[in-house]
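The residues making up each chain are set out below.
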Amino acid sequence: MPTTKAPERLLDLAGVGPKVEVALNRLGIFELKDLLFHLPARYEDRTQVVKLAEMQLGTPRLLEGEITASQVIPGRRMQAVLTFEDTTGAARIRLFHFSRAYLSTLKSADHVRIFGEARSHQGAIEFVHPEITVFKGVPPALDDTLTPIYPTTEGLTQPRLRNIIQQVLDLGPDYFQLAELLDPATLKQRPSLWDALHAVHRPTKGLPPDADVERLALEELLAHRLLLLSRRADFSRFQAPAVSTDGCATRAQLIQRLPFDLTQAQARVLSEIDGDVNQPHPMLRLLQGDVGSGKTLVAGLAALPLIEAGYQVALMAPTELLSEQHANQFSDWLQPLGISVGWLSGSMKAAPRRAVLEHIASGACQMVIGTHALFQAEVVFNRLGLVIIDEQHRFGVAQRLLLREKGSGLTPHQLIMTATPIPRTLAMTQYADLDVSVIDALPPGRTPVDTRLVSQGRDQDITERLDAQFSEGGQAYWVCTLIEENDQLQAEAAESRMHKLQTLLPHRRIGLVHGRMHSDEKSHVMQAFSEGALDLLVATTVIEVGVNVPNANIMVIENPERLGLAQLHQLRGRVGRGSRVSFCILLYGDQLSEQAKSRLQLLRETNDGFKLAAADLERRGPGDVSGTRQTGELLFKLADLNHHAHLLDEVATMADTVMRQQPAIRDALIARWIGHQEHFAHV
Ligand code: ADP
Ligand code: MG
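Residues numbered from 1 in each chain as written. Chains lettered and ligands numbered in written order. Predicted model: local features only at pLDDT ≥ 70, side-chain atom pairs only at ≥ 80, totals over all residues. Heavy atoms only, no water.

Enquirer: Could you give an account of the overall build of the protein, naming the residues involved and the relevant values?
Expert: A tally of helices and strands in the protein yields 26 helices and 23 strands. Since a compact globule built from 683 residues should have a radius of gyration of about 26 Å, the 29 Å found for the protein is in line with a globular shape. For the protein, the spread of C-alpha atoms along the three principal axes comes to 90 × 65 × 50 Å. Looking at the 683 residues of the protein, the share that counts as buried comes to 52%. Contacts spanning at least 24 positions in sequence make up 75% of the contacts within the protein whose residues lie at least 6 apart. Surface summary for the protein: the accessible area is close to 31300 Å², and the carbon and sulfur share equals 50%. Between the centroid of the 69 positive side chains of the protein and the centroid of its 80 negative side chains there is a distance of 2 Å. (Helix = DSSP H or I, 4+ residues; strand = E, 2+ residues; numbered from the N terminus. Rg over C-alpha atoms; globule rule 2.2 N^0.38 Å. Buried < 20%, exposed > 50% of the residue type's maximum accessible area, 1.4 Å probe, protein only. Contact = heavy atoms within 4.5 Å. Areas by Shrake-Rupley, 256 points an atom, 1.4 Å probe, with all protein chains shown as cover. Lys, Arg positive; Asp, Glu negative; His and termini not counted. Charge placed at Lys NZ, Arg CZ, Asp CG, Glu CD.)

Given below as C-alpha cells:
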C-alpha cells in the first residue's frame, strides 16, 4: 500500500497551485493551521427539496420541477424569463447571462433542480440566477449535511475552498495538536477547540450546536480584546508631548470672549483632557456628547495649550461640508488670538492645495482642519501634537494606529468626538483601548425641538407653515432621504423636491445641497443659508452631522422611516440651536406600518440621544447601529455581538488575567485569530 506523506505546506494540498496559494494568502491563510480558523460565514441547506408552496422568501432553498416556458426579453440588458413549476405552484426565473443553446437545454430537460433565494417581485415569486441542475430519471443524491459557505476571494471558488478545508480537517486533531489557550476552569464546561472547529466546519445535523460556536466566539472575542489592550499598552510606551495647560493665555482670552459660559460638563471633560495631555504618553480619549452639547468648543479649547507650546493640532471631520464649517468656526475663534488656521480639502485646486501643504510642513499653519485627506501620505506635519477627530465613532482601530505615524518622533495625542452613544457591547470590544469622557448636559436655555409626525398627504399644510415661519425670519431644512447609498438617486430626489417647493413657494429663496455637487457650489449654498440669504435649504443627508446654523428652526424630514433613530436624532440636532422655538416634522409615507410609526413616536417623546440609541439597539442589534459590518473594521469571523454579548464580562476578566500573567498566551491567541489580517497594518 503506498503511504501518502502528510502535507506540510498549502501547496501540498490537492487543488492548491501557486495561483490558489496567492488567493489563500489574500484571505490571511499562510499555513495549514490557518485553514482551520477560516470559518464559515453562513450555511446553505441542500439536504432537502422543498415545495414552492411551502418555501419562505429570502432563504436560499433547493427545489425540483420543470421549466415550462421561456422567453427572451430584448433591451439594453437582454434577459431570459423562464417559468419554473413544481407540483405546488409556479415561479419566475430571471437570467441575465445565458445562451440560446442553454435555454433550449433547460426547456427540453425532464427535470431541473434549482437552488436559490426566492423574492417576491410584482406579485410573483422570482429567482434571479439560481443554480440550475438538469437531470433525467433518477434525481442526484442530496447532501447529508448543511453546506458551509466561506468568505472567499477572486480566483478561489467556494467548492474548491471547501474541499481544501475538508482535506485539512481530515488530518485530524493529532496532526495539529492545537494548544488549548484558555484556562482549564473555563474549558471544563466547554467543548475542546478541535471539536468546536470540527462542528463548525462539518455540522452533522442542522446548524452547529451553540456550545461549539460559543467556545470559538469566546476565544475570538478574547483575542480581539487582547489585541486592543496590547495596543493600548504599546501606546503607553510611546512618547507624546507633555504639555501643561495651566496659565494658557490664549485659552483664557477665548473663554473671556465667548458670549456664554462653559457648561459644567464642558469644563469637566476639558480638565480630563488636560490631565491626559499633561502626560508624556499619548492620550487616547473618546469624547461623547449629545448633539448640540458643545463638543466643538471643547476641541478648540483643548487645542490651545498645545499650540501655545509650539505644536500643531489637526482636526478631522467626516464630511467636507462639516470640515469647512469647522474651519470657519476655528478661524473666528483662533485668528484673533494670532493663531493661523488652515483648511485642507480633497477638492482643492492644485495651487492653493500646495500652499496649504507647505504651510503644514513648515509649521506655519498651527491649526489644520480637513477631512480624511489630512491623513494622506503627502500631508507632512511639522510638529503634530494633537489630533481631534469629529463625529467618528466609527473611526477604526487601524486608523487610530495610522495617526501615530504622522507625528515624526513624538506620537500625537488623540481625541475622538462622537454624538452617537457607544453601546456597552461595542465599548467592550471595539473601544477597549480608549478612555471615555461624557458631556452629559446641554447648554442652558435650549428649548427642546417639537417633533411632529405628519403624513405625506399633508405637505400643503407644511408649506403654509414654512411660509409663516419665513415671514417671521425663521429658516428651514428639507431633507430628502433614500435607502440607497446612491448619490445620483439622492441628488435627483432632492432636485425634484426643490422644484416642487419652488412652485409652491415662488416668493421664497430656496437652495439645494447634495453629494453630487461640486464642493465649491456646496459651500456657496451653505454660506448663503447660514447668512440668511436663503429661507429654505433642500438637502440630502449630507447635512446630517455637525452643520450649525442657529437661526434655522424647522426641519422637515421626508420618509424618516428609512433612517435609524440615532441618525434622525442627528439630523434633528441641526435645529433647536438658537433661541427660536424649533420644529422637526417627520413626513412619513402613506404605507407606514404601525410598528414603524411607533418607532418614530419615540422621537416625539424624547430628545435624549442616549435613549434613542438604546431603542435603536434593541431593535436592530449592535452590528447595525455601529456600522461595523460596513466599515470592515475589526470584523469577527464568527463572534456576533447580537448573540454573544453575554460572553463579554467573562472575556474581560479573562483578558485581564492573560495581560497580567501570560504574555505568551496573549500573543498566541492574537496570532491564531487575527494574526495575518493585514488590515491592522494598512488602511
Ligand atoms: P456638538 O456637540 O453637536 O458638536 P456644537 O459644538 O456644534 O455641538 O455646539 C452647538 C452650539 O452650541 C453652537 O452654536 C455653540 O456655539 C453653542 N455652545 C457651545 N457651548 C455652549 C455653552 N456653554 N453655552 C451656550 N452655547 C454653547
Ligand atoms: Mg459637532
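Enquirer: Please provide a residue-by-residue account of the sheet that holds strand E13 (residues 341–344), values included.
Expert: Across the sheet, which stays open at both edges, the 7 strands sit in the order E13-E14-E12-E15-E16-E11-E17 with parallel pairing between neighbours. For this open sheet the edge positions go to E13 and strand E17 (435–439), each flanked by a neighbour on one side alone. Along the sheet, successive strands turn relative to each other by an average axial angle of 20°, direction set aside. When strand E11 (residues 284–289) meets E17, the two strands line up parallel, connected through 5 bridges. What sits directly across from Leu286, in E17, is Val436. Here helix H11 (residues 295–308) sits on the sheet and contacts E11, strand E12 (312–316), strand E14 (367–370), strand E15 (384–389), strand E16 (413–418) and E17; the angle it forms with E15, its principal contact strand, is near 175°. (Pairing = 2+ DSSP bridges. Axes fitted to C-alpha atoms, helices over the stretch in contact; angles between N-to-C directions.)

Enquirer: So what's going on with the domain arrangement of the protein? Which residues, and what values?
Expert: By the assigned domains, the protein splits into domain 1 (48–142), domain 2 (249–439) and domain 3 (449–606). Summarising the inter-unit geometry, the C-alpha centres of domain 1 and domain 2 are found 56 Å apart. (Domains from an automatic or database assignment.)

Enquirer: Break down the nonpolar core for me, with residues and values.
Expert: Residues Leu24, Leu35, Leu36 and Leu216 are the most contacted members of the largest nonpolar core, which totals 81 residues. It is helix H8 (residues 210–235) that contributes the most residues to this core, 12 residues altogether. Ignoring sequence-local partners within four residues, the contact set of Leu24 consists of Leu10, Val16, Ile29, Leu35, Leu156 and Leu161. By size, the runner-up hydrophobic cluster in this structure holds 37 residues, among which are Leu258, Met283, Phe330 and Leu386. (Core = buried A, V, L, I, M, F, W, Y, C linked by side-chain atoms within 4.5 Å.)

Enquirer: Explain the side chain of Thr606 residue by residue, including any values.
Expert: Tracing the sequence through the fold places Thr606 in the loop between helix H20 (594–605) and helix H21 (609–620). Judged by relative accessible area, Thr606 falls into the buried class, the value being 12%. Looking at Thr606, its side chain comes within polar contact range of the main-chain nitrogen of Asp608, at 2.9 Å. Those residues in contact with Thr606 that sit more than four places away from it in its chain are Arg572, Lys611 and Leu612. (Polar contact = N/O pair within 3.5 Å; in protein donor to acceptor, adjacent residues only side chain to side chain.)

Enquirer: Please provide a residue-by-residue account of the sheet that holds strand E22 (residues 552–558), values included.
Expert: Reading across the sheet, the 6 strands line up as E18-E23-E22-E19-E21-E20 and stay open at both edges, with parallel pairing between neighbours. This sheet does not close on itself; its edge strands, each paired only once, are strand E18 (450–455) and strand E20 (510–513). Averaged over all pairs of adjacent strands, the angle between their axes in this sheet comes to 20°, without regard to strand direction. Where E20 lies against strand E21 (residues 536–539), 4 bridges are found, and the strand directions are parallel. Paired with Ile510 across the strands is Leu536, a residue of E21. Docked against the sheet, helix H19 (residues 565–572) engages E18, strand E19 (475–479), E22 and strand E23 (583–588), running at close to 150° with respect to E22. Across the sheet, H20 is in contact with E18 and E23; its angle to E18 comes to roughly 155°.

Enquirer: Run through the site of ligand 1, naming residues and quoting values.
Expert: In the region of ligand 1, 16 residues are neighbours, and Asp261, Gly292, Lys295, Thr296 and Arg446 sit closest. Between ligand 1 and the protein, one listed contact pairs a nitrogen atom with a backbone N or O atom of Thr263 at 3.5 Å. Take Arg577: an N or O atom from its side chain is 3.1 Å from an oxygen atom of ligand 1. For ligand 1, whose unbound accessible area comes to 570 Å², protein coverage reaches 88%. (Near = heavy atom within 4 Å.)

Enquirer: Explain the packing of aromatic side chains to me, and be specific about the residues and the numbers.
Expert: The final tally for this structure, using the stated rule, is 6 aromatic pairs. Here the aromatic rings of Phe37 and Trp673 are separated by 5.3 Å at their centres, their planes lie at 80°, and the arrangement is edge-to-face. Residue Phe37 is located in the loop between helix H2 (32–36) and strand E1 (42–44), and its partner Trp673 is located in helix H26 (residues 663–673); the two are separated by 636 residues in the primary sequence. The exposure classification of Phe37 matches that of Trp673, with both residues buried. One aromatic cluster is present, formed by Tyr175, Phe176 and Trp194 through successive ring pairs. (Phe/Tyr/Trp six-rings, centres within 6.5 Å; stacked < 30°, edge-to-face > 60°.)

Enquirer: I'd like to hear about the side chain of Arg497, residue by residue, with values.
Expert: Turning to its location among the elements, Arg497 is positioned in helix H17 (residues 487–504). A residue is classified by how much of its surface remains accessible, and Arg497, at 9% relative accessible area, is buried. Each residue touching Arg497, except ones within four places of it in the same chain, is listed here: Asp459, Trp478, Cys480, Val538 and Glu558.

Enquirer: Just give me the short version of the pairing of E15, but keep the residues and values in it.
Expert: Of all 6 residues that make up E15, 6 are buried, and the element is covered over most of its length. Sheet analysis places E12 next to E15, joined by 5 bridges and oriented parallel. Its bridge partner being in E15, Leu315 is matched across the sheet by Ile388. Here E15 pairs with E16 via 4 bridges, running parallel. Its bridge partner lying in E16, Leu386 is registered against His413.

Enquirer: Explain the packing of helix H9 (residues 249–257) against H11 to me, using residue names and the numbers behind them.
Expert: In the contact formed by H9 and H11, the axes pass within 8 Å of each other and the chain directions differ by 150°. Viewed along their axes, H9 and H11 form a crossing whose handedness is right-handed. Listed contacts from H11 to Ala249, Thr250, Arg251, Leu254 and Ile255 of H9 are Leu301, Ala302, Leu304, Pro305 and Glu308. A per-class count over the contact of H9 with H11 returns 7 nonpolar, 1 polar and 2 charged. (Left-handed = near helix turned anticlockwise from the far one by under 90°. Nonpolar A, V, L, I, M, F, W, Y, C, P; charged D, E, K, R; others polar.)

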